[in-house]
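This is what each chain is made of:
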Amino acid sequence: MKPRRRTNHRTRVAGAGPFSGDPQGSAPRLRNPQGFTLVELIAALAISLLLVTAVIASLDIYLRLTTAGEESVERQQIARAVLSQMTRDMESIVFRAPDETTAEDARSEETDDFAAEPVVEVQDPDAAYTSGSLGLVGDSQSLVLHVSRPSKELSYSSFQQATGTVSRTSDLMSVSWFQASPGSAGLAGEVGNLAAAAQPNNAARSSSTAEFTGGLARLEGDRMAIQYADVASDVQALAGAAEVLAPEIVSVQFRYFDGQNWVAVWDSTASGALPQAVEVTLGFRNQTQRRQDSIHVVSSGIEIGEWVRHVIHVPLSRPYSSEMAF
């Protein structure tokens, strides 16, 4: 009789396997999320609000600095162009100094009465077109120059055939710098009115030109033609030859250096010479982005945001002498 082989029977406990429902034999399970608390939500909103505020403030500073930089570059370009044109005009001045014999005769006549002070008659710049003098005539607000500038085509017409201020009868030109002012009288007002009428009338234009209040103007034309228009009181013809070069410049001031002092008026005929130099001060319109402590208000009520001062040397001026002093 064969012996019975002993077998080991493994008994499986019900519910003890990996697929059973026993918690001890199954993989761990995550707890159900319970969400954010009210304090955590408020803290997250506050941090987000601070971040958004910081980003907006950074963008605003960047835009302000960028705009201010662009405006500064634009003003420098305008001032450089205007002063460069003024320098070219003053380098082309035509002036013939009086003869020494004539000047000595005039001084000998004045020596009869030593107590009498010499009286200098300064010519009005508005009347400089019709005068026979050449050179420079100006005051603190306007400047008239008599220059020599040949025509590019070198073609000239007779005075009888001249059709207007644009016609050229010679290389002698009259150049005038002044501040155009709409609504005022005279040439400055007429030029300002024409420039204001030419401004675009729509809401899309920038705020700097939304209300035209004037600008730096320049008049250039044939001397004989301008003289004829001035004698005929044809202000419209003179205004048609003028042009507002820089509406951004709302103030211009001139001073003249005689070699010793700065004076507010100059007439080459009265002084017998050209000034040694001319000081030009340009006032630019105030922009809303600029600081309020740098604002200046001129007599017309226009706010000036920046001043540019430049001194232009007059090449044809004679060295200073005591007889040239006013």
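These figures come from a predicted structure and were not determined experimentally.

Engineer: I'd love a proper account of the overall build of the protein chain, names of residues and values included.
Structural biologist: Of regular secondary structure, the protein chain possesses six helices and 11 strands. Among the 326 residues that make up the protein chain, the fraction classed as buried is 32%. The contacts of the protein chain with a sequence gap of at least 6 include a subset with a gap of at least 24, amounting to 72%. For the protein chain, the exposed area adds up to about 21400 Å²; of that, 55% sits on carbon and sulfur atoms.

Engineer: Can you break down the nonpolar core residue by residue, with the values?
Structural biologist: Counting residues in hydrophobic clusters, the biggest one holds 30 residues, and the most contacted among them are Val-82, Met-86, Leu-136, Leu-216, Phe-254, Val-280 and Leu-282. Residue assignment for this core shows that the elements contributing at least two residues are α1 (38–91), β2 (143–148), β3 (172–180), β6 (249–257), β9 (277–285) and β11 (303–313). For this core, the element with the highest residue contribution is α1, accounting for six residues. Leaving out residues up to four positions away in the same chain, Leu-216 has contacts with Val-82, Met-86, Trp-177, Phe-178, Gln-179, Glu-243, Val-244, Leu-245, Ala-246, Ile-249, Val-252 and Leu-282. Ranked by size, the runner-up nonpolar core spans 14 residues in total, among them Phe-178, Ala-195, Ile-226 and Ala-242.

Engineer: Let's hear about the sheet that holds strand β1 (residues 136–138): which residues, and what values?
Structural biologist: In a beta sheet, neighbouring strands are held together by backbone hydrogen bonds and run either parallel or antiparallel to one another. On the basis of which strands lie adjacent, the open sheet formed by six strands has the order β5-β4-β3-β2-β1-β8 and antiparallel pairing. Two strands in the sheet have a free side with no partner beyond their single neighbour: β5 (242–246) and β8 (266–267). Where β1 lies against β2, three bridges are found, and the strand directions are antiparallel. Paired with Val-137 across the bridge in β2 is Val-144. Those strands touched by α1 are β2, β3, β4 (215–222) and β5, and its axis lies near 145° from that of β3. Strands β3, β4 and β5 of the sheet are contacted by helix α3 (residues 186–197), whose axis makes an angle of about 75° with β3.

Engineer: Residues and numbers for α1, please.
Structural biologist: For α1, spanning 54 residues, the distance from its first C-alpha to its last is 79 Å, which sits close to the expected 80 Å at 1.5 Å a residue. Taken together, the buried positions of α1 are Glu-71, Arg-75, Ile-78, Ala-79, Val-82, Leu-83, Gln-85, Met-86, Asp-89 and Met-90.

Engineer: Any details on the pattern of salt bridges? Residues and values, ideally.
Structural biologist: Here the structure, examined in full by the defined rule, presents eight salt bridges. The residue Arg-64 makes a salt bridge to Asp-60 at a minimum N-O spacing of 3.0 Å. Of the two residues, Arg-64 and Asp-60 are both situated in helix α1; the distance of four residues between them amounts to about one turn of the helix. Between Arg-309 and Glu-279 there is a salt bridge, and its shortest N-O distance comes to 2.3 Å. Separated by 30 residues along the polypeptide, Arg-309 in strand β11 and Glu-279 in strand β9 bring together distant segments of the chain. Exposure remark for Glu-279: the relative accessible area of 5% places this residue in the buried category. Each of Asp-89, Arg-149, Arg-218 and Glu-220 takes part in salt bridges that share partners, so that together they form one network.

Engineer: Break down the side chain of Asp-258 for me, with residues and values.
Structural biologist: Assignment of secondary structure puts Asp-258 in the loop between β6 and β7 (262–263). At 11 Å, Arg-255 is the nearest oppositely charged side chain to Asp-258, a buried residue that forms no salt bridge. Polar contacts involving the side chain of Asp-258 include one to the main-chain amide nitrogen of Gln-260, which spans 2.8 Å. At 2.6 Å, the side chain of Asp-258 and the backbone nitrogen of Asn-261 are in polar contact.

Engineer: Help me get a handle on α3, residues and values and all.
Structural biologist: Taking 1.5 Å as the rise per residue, α3 with 12 residues should run 16 Å; its terminal C-alpha atoms sit 17 Å apart, in good agreement. Along its buried surface, α3 packs onto β3, β4, α5 (235–241) and β5.

Engineer: Describe the pairing of β2, and please don't skip the residues or the numbers.
Structural biologist: Here β2 lies mainly inside the structure; five of its six residues are buried. Between β1 and β2, which pair antiparallel in sequence order, lie four residues. The pairing of β2 with β3 spans six bridges and is antiparallel. When the bridges of β3 are listed, Leu-145 appears paired with Val-175.

Engineer: Tell me what's going on with unusual backbone geometry, and back it up with residues and numbers.
Structural biologist: In this structure, Ser-233 takes a positive phi of about 55° despite not being glycine. Examined against the element boundaries, Ser-233 turns out to sit in the loop between α4 (223–231) and α5.

Engineer: Outline the pairing of β3, supporting the account with residue identities and numerical values.
Structural biologist: With respect to burial, β3 is a largely interior element, eight of its nine residues being buried. Sheet topology places β3 next to β4; eight bridges connect them, and they run antiparallel. Bridge pairing in β4 places Val-175 opposite Glu-220.

The rules behind these values
Residues numbered from 1 in each chain as written. Predicted model: local features only at pLDDT ≥ 70, side-chain atom pairs only at ≥ 80, totals over all residues. Heavy atoms only, no water. Helix = DSSP H or I, 4+ residues; strand = E, 2+ residues; numbered from the N terminus. Buried < 20%, exposed > 50% of the residue type's maximum accessible area, 1.4 Å probe, protein only. Contact = heavy atoms within 4.5 Å. Areas by Shrake-Rupley, 256 points an atom, 1.4 Å probe, with all protein chains shown as cover. Core = buried A, V, L, I, M, F, W, Y, C linked by side-chain atoms within 4.5 Å. Pairing = 2+ DSSP bridges. Axes fitted to C-alpha atoms, helices over the stretch in contact; angles between N-to-C directions. Expected span 1.5 Å × (residues − 1). Salt bridge = Lys/Arg side-chain N within 4 Å of Asp/Glu carboxyl O. Lys, Arg positive; Asp, Glu negative; His and termini not counted. Polar contact = N/O pair within 3.5 Å; in protein donor to acceptor, adjacent residues only side chain to side chain.

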